[in-house]
Amino acid sequence: MKQYRITVNDLVQDSNDDAYLAPEDPIHELKAAAMMGGLGAAERLADYRATLKQPVVGSNKGQIQRKQNIKPGTDEWFRLWFGK
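Residues numbered from 1 in each chain as written. Predicted model: local features only at pLDDT ≥ 70, side-chain atom pairs only at ≥ 80, totals over all residues. Heavy atoms only, no water.

Asks: Lay out the overall build of the chain in plain terms, naming residues and giving numbers.
Replies: Across its full length, the chain carries four helices and zero strands. Traced from its N-terminal end to its C-terminal end, the chain shows the element sequence α-α-α-α. Expressed as a percentage of its 84 residues, the buried residues of the chain come to 10%. Approximately 8300 Å² of the chain is accessible, and the part contributed by carbon and sulfur atoms is 55%. (Helix = DSSP H or I, 4+ residues; strand = E, 2+ residues; numbered from the N terminus. Buried < 20%, exposed > 50% of the residue type's maximum accessible area, 1.4 Å probe, protein only. Areas by Shrake-Rupley, 256 points an atom, 1.4 Å probe, with all protein chains shown as cover.)

Okay, structure coming up:
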């Protein structure tokens, strides 16, 4: 079997198209619906759409870290992020 060496010179990128898909693109719903086949898919798709509209809730550990000027990797940082 013959082997070929592919370099950058072999790649032709003459298109200005971008591969970015916006979060509101309907393809995301289609992908989710494809995995939800069967009975109740419409309800699960509605639930999926509702979860997209909810804000992401996290912890306030990052704010505490900034307020107290805690540097990553220090003992205080490990106590903050991994302590009980």
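Asks: How would you summarise a nonpolar patch on the surface if you had to cite specific residues and measurements?
Replies: Together, Tyr4, Ile6 and Leu11 make up a nonpolar patch on the protein surface, roughly 410 Å² of accessible area in all. Of the residues examined, Ile6 reaches a relative accessible area of 65% and is grouped as exposed. (Patch = residues over 30% accessible without salt bridge, like charges linked within 9 Å, V, L, I, M, F, W, Y side chains within 5 Å. Salt bridge = Lys/Arg side-chain N within 4 Å of Asp/Glu carboxyl O.)

Asks: Which residues make up the confidence of the model for the chain, and what are the values?
Replies: Looking at the chain as a whole, the pLDDT averages 78, with 77% of positions reaching at least 70. Considering each helix and strand of the chain separately, the mean pLDDT is smallest for helix α1 (residues 26-35), with a value of 73, and largest for helix α4 (residues 75-82), with 90. (pLDDT = per-residue confidence, 0-100.)

Asks: Break down unusual backbone geometry for me, citing the residues and quoting the values.
Replies: Phi at Asn69 is positive, roughly 55 degrees, even though this residue is not glycine. When you line up the elements, Asn69 lands in the loop between α3 (61-67) and α4.

Asks: Describe the packing of aromatic side chains, listing the residues and the values that go with them.
Replies: Counted according to the given criterion, the structure contains three aromatic pairs. Ring plane angle 80 degrees and centroid distance 5.9 Å describe the contact between Trp77 and Phe82, whose orientation is recorded as edge-to-face. In this structure Trp77 comes out as buried when scored by relative accessible area, which is 19%. (Phe/Tyr/Trp six-rings, centres within 6.5 Å; stacked < 30°, edge-to-face > 60°.)

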